[in-house]
There are 2 protein chains.
Amino acid sequence: MGVTQTRRLSADDWAQAALASIADGGLAAVAVEPIAARLGATKGSFYWHFANREALVDAALRRWEAASTDEVIEAAQTEPDPTTRLRRLFTHVVEAASRDRTEVALLATADHPQVAPVLQRVTERRVGYVSALFAEIGFPPEVARRRGVLAFSAYLGHIQLAHAAPAVLPSSAADRRAHLDEALQALLHGAPH
Amino acid sequence: MGVTQTRRLSADDWAQAALASIADGGLAAVAVEPIAARLGATKGSFYWHFANREALVDAALRRWEAASTDEVIEAAQTEPDPTTRLRRLFTHVVEAASRDRTEVALLATADHPQVAPVLQRVTERRVGYVSALFAEIGFPPEVARRRGVLAFSAYLGHIQLAHAAPAVLPSSAADRRAHLDEALQALLHGAPH
DNA sequence: GCCACACCATACGGTAGCGTATGGGTGTGA
DNA sequence: TCACACCCATACGCTACCGTATGGTGTGGC
């Protein structure tokens, strides 16, 4: 009984806890002692599993990169029509970002030498995916690419707004829907049918 | 002669240096001792002008808020046509953000209790301005607002991309122009003439 | 020419975090 | 059951920073 678990910890437990710390406190919140306390352990445990803090950050980022690539695939793969797939992707990904703040938190430390390459890879994959979607809809490659970058920019800016100044975003469900319609209409204008 | 200046420092000198630190190291870089070293002074000077670090951060943010409101006004006020004004605003503000990283840096600490209200005010003002521009172009108020929010989202996302994954953005001047055209075309589609 | 005050340097104590050293406990295979 | 690898706690030194205490210096007003 009792809350304290006598179970031993694995390296993965630490990585998971580190990722959770990133999500709600940014990269700076990945601190060995606080996380140890959160896990009900001490640094002694940590330094057995990892060489140093850098290795922990690396493990957490590896975890995030893997998860964030799986996620995109899972999102809307069932939907045959690419246009509705784009809409579903948008709604899903915006909602996901408001639940899980990891992406915004990592964006906040895009400069960091360990974060930068991960963020670049994930971003390029995502932009590539959205661009492919526009191509599938029927836009010529260069246009599709530009629309894809624009769509991803709008997404990034949106989650940033939701985080920094939610008051400017529509609050009611109806307004949010109208906003999404407006955005999709703009991004898809001139689409071949 | 010599580099070392015997001049005394003002509170404003400190605020300016703090803002510069934010620009190239984020809020965490606002540390008394490093800035003192950078100014060729010591903490003794600082704690004469300010009560503590919090007051310094406050002064720096105040400076930024003032500067960032003046800036928008100055940008494109001479241009009579609102559509070209929008285009000029876009190009100006994107280029400004790549020179001066303060906005991205502050966005990275949008959670911070001192930063949050400043960021909200500035964001609301800017979104309001762009929305007004769309209204002036001829869109009905609700549509103009949505287009304004969308345009600002695209802007935010763009400068974020330029910072975190510049490889996905167009590199040549011609491609950048094509990208801007595409974005404006999307944002302005269905505009009354 | 001197005094007072604005301005600043130096020295100190305190905190949070990183990393190391060292020893103790615990399970498991021989 | 004994040894040894595995896992962890405690204690320590180190660094970077915040804030305070205290004394020193230059300069304007008289």
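One structure accompanies this document, and this report is about it. The written sequence of each chain sets the order in which its residues are numbered from 1. Labels are handed out in written order, letters beginning with A for the chains and numbers beginning with 1 for the ligands. Per-residue local features are limited, in this predicted model, to residues with pLDDT of at least 70; the limit for side-chain atom pairs, both in listing and counting, is 80 or more; totals at the level of whole chains, interfaces and linings are taken over all residues. Each side-chain value is worked out from all heavy atoms of the structure, with water and hydrogens disregarded.

### What to know about the relation of the copies chain A and chain B
For step 1, the next point in the chain: Least-squares superposition aligns the copies on the C-alpha atoms of those residues with pLDDT at or above 70 in both. When chain A is brought onto chain B, the operation consists of a screw motion whose angular component is 180 degrees and whose axial shift is 0.0 Å, with 0.1 Å RMSD remaining. The operation mapping one copy onto its partner corresponds to a two-fold rotation axis.

### Points about helix H7 (residues 115–137) of chain A
An α-helix turns once every 3.6 residues. As a result, residues three or four positions apart point the same way.
For step 1, the next point in the chain: Numbering of helices and strands runs from the N terminus; a helix is a DSSP stretch of H or I covering at least four residues, while a strand is a stretch of E covering at least two. Any helix carries an expected span of 1.5 Å times its number of residues minus one. Taking 1.5 Å per residue, 23 residues should reach 33 Å; H7(A) reaches 33 Å between its end C-alpha atoms and fits that length.
For step 2, the next point in the chain: Gly138(A) sits one or two positions beyond H7(A) and adopts a positive phi of about 130 degrees.

### Some remarks on the packing of aromatic side chains
For step 1, the next point in the chain: Ring geometry is summarised as follows: Phe, Tyr and Trp rings, the Trp one being its six-membered ring, pair when their centres sit within 6.5 Å, and such pairs are stacked at plane angles under 30 degrees, edge-to-face over 60 and tilted between the two. A full pass over the atoms with the stated rule returns 10 aromatic pairs over all chains.
For step 2, the next point in the chain: Put simply, the rings of Trp14(A), Phe46(A), Tyr47(A) and Phe50(A) touch in pairs and so form one group of aromatic residues.

### Regarding the protein's contact with DNA strand C
For step 1, the next point in the chain: Proximity is defined per residue: any heavy atom of the residue falling within 4 Å of a molecule or strand makes that residue near it. Residues in contact with DNA strand C amount to 20 residues; listed here are only the nearest, Lys43(A), Leu9(B), Thr42(B), Trp48(B) and His49(B).
For step 2, the next point in the chain: Of what DNA strand C places within 4 Å of the protein, 64% of the atoms are sugar or phosphate.
For step 3, the next point in the chain: One nitrogen or oxygen atom from the main chain of Arg53(A) is found 2.8 Å from a phosphate oxygen belonging to DNA strand C.
For step 4, the next point in the chain: Between DNA strand C and Thr42(B) there is a distance of 2.6 Å, counted from a phosphate oxygen to a side-chain nitrogen or oxygen.
For step 5, the next point in the chain: Elements with a minimum of two residues in the surface near DNA strand C: helix H2 (32–38) and helix H3 (43–49) of chain A together with helix H3 (43–49) of chain B.
For step 6, the next point in the chain: When residues in the surface near DNA strand C are grouped by element, the largest group, five residues, is from H3(B).
For step 7, the next point in the chain: Across the surface near DNA strand C, the residue classes tally to eight nonpolar, six polar and six charged. Pairs of N or O atoms within 3.5 Å make up the polar contacts considered here, provided that, within protein, one atom can donate a hydrogen while the other can accept it, and that residues adjacent in sequence are counted only when both atoms are side-chain atoms. Each residue receives one of three labels: charged for Asp, Glu, Lys and Arg, nonpolar for Ala, Val, Leu, Ile, Met, Phe, Trp, Tyr, Cys and Pro, and polar for the others, Gly being one of them.

### Topic: the protein's contact with DNA strand D
For step 1, the next point in the chain: Around DNA strand D lies a shell of 19 residues, among which Leu9(A), Thr42(A), Trp48(A), His49(A) and Lys43(B) are the nearest.
For step 2, the next point in the chain: Within 4 Å of the protein, atoms of DNA strand D come from sugar and phosphate in 62% of cases.
For step 3, the next point in the chain: Take Val32(B): an N or O atom from its main chain is 2.8 Å from a phosphate oxygen of DNA strand D.
For step 4, the next point in the chain: With respect to DNA strand D, the side chain of Tyr47(B) contributes an N or O atom lying 3.2 Å from a phosphate oxygen.
For step 5, the next point in the chain: If you list the elements that add at least two residues to the surface near DNA strand D, you get H3 of chain A together with helix H2 (32–38) and H3 of chain B.

### Some details on the interface of chain A and chain B
For step 1, the next point in the chain: In this description, contact between two residues means that some pair of their heavy atoms is separated by no more than 4.5 Å. Taken together, the contact pairs 35 residues of chain A with 35 residues of chain B.
For step 2, the next point in the chain: At the boundary of chain A with chain B, total buried surface from both sides reaches about 3,300 Å², with 67% on carbon and sulfur atoms.
For step 3, the next point in the chain: Here the quantity called buried area is the accessible surface, traced with a 1.4 Å probe, that two parts lose on coming together, added over both. Ranking the residues of chain A by area buried against chain B places Arg146(A), Val168(A) and Glu182(A) at the top, with a combined share of 18%.
For step 4, the next point in the chain: Salt bridges are defined as contacts in which a side-chain nitrogen from Lys or Arg sits within 4 Å of a carboxyl oxygen from Asp or Glu. On the surface where chain A and chain B come into contact, there are four salt bridges.
For step 5, the next point in the chain: Between Glu182(A) and Arg146(B) there is a salt bridge whose closest N-O contact spans 3.2 Å.
For step 6, the next point in the chain: Taken together, chain A and chain B are joined by eight residue pairs in polar contact (both at pLDDT 80 or more).
For step 7, the next point in the chain: Every element with two or more residues in the side of chain A that touches chain B is listed here: H7, helix H8 (141–164) and helix H9 (173–188) of chain A.

### Observations regarding the packing of helix H5 (residues 82–99) of chain A against H9(A)
Residue and element names in this part refer to chain A.
For step 1, the next point in the chain: In this analysis an axis means a line fitted to C-alpha atoms, helices contributing only their contacting stretch, and an angle means the value between N-to-C directions, from 0 to 180 degrees. Direction vectors running N to C along H5 and H9 enclose 135 degrees, while the axes themselves pass 11 Å from each other. With respect to their mutual orientation, H5 and H9 come out oblique. As for how H5 packs across H9, the hand of that crossing is right-handed. The residues of H9 that touch H5, namely those facing Thr-83, Leu-86, Arg-87, Phe-90 and Thr-91, are Arg-177, Leu-180, Asp-181, Leu-184, Leu-187 and Leu-188. Working rule for angles: under 35 degrees goes down as roughly parallel, over 145 as roughly antiparallel, 65 to 115 as roughly perpendicular, anything else as oblique. Each crossing gets its hand from how the near helix is turned against the far one by less than a right angle, where anticlockwise is left-handed and clockwise is right-handed.

Interpretation in functional terms is not warranted from these geometric data alone.
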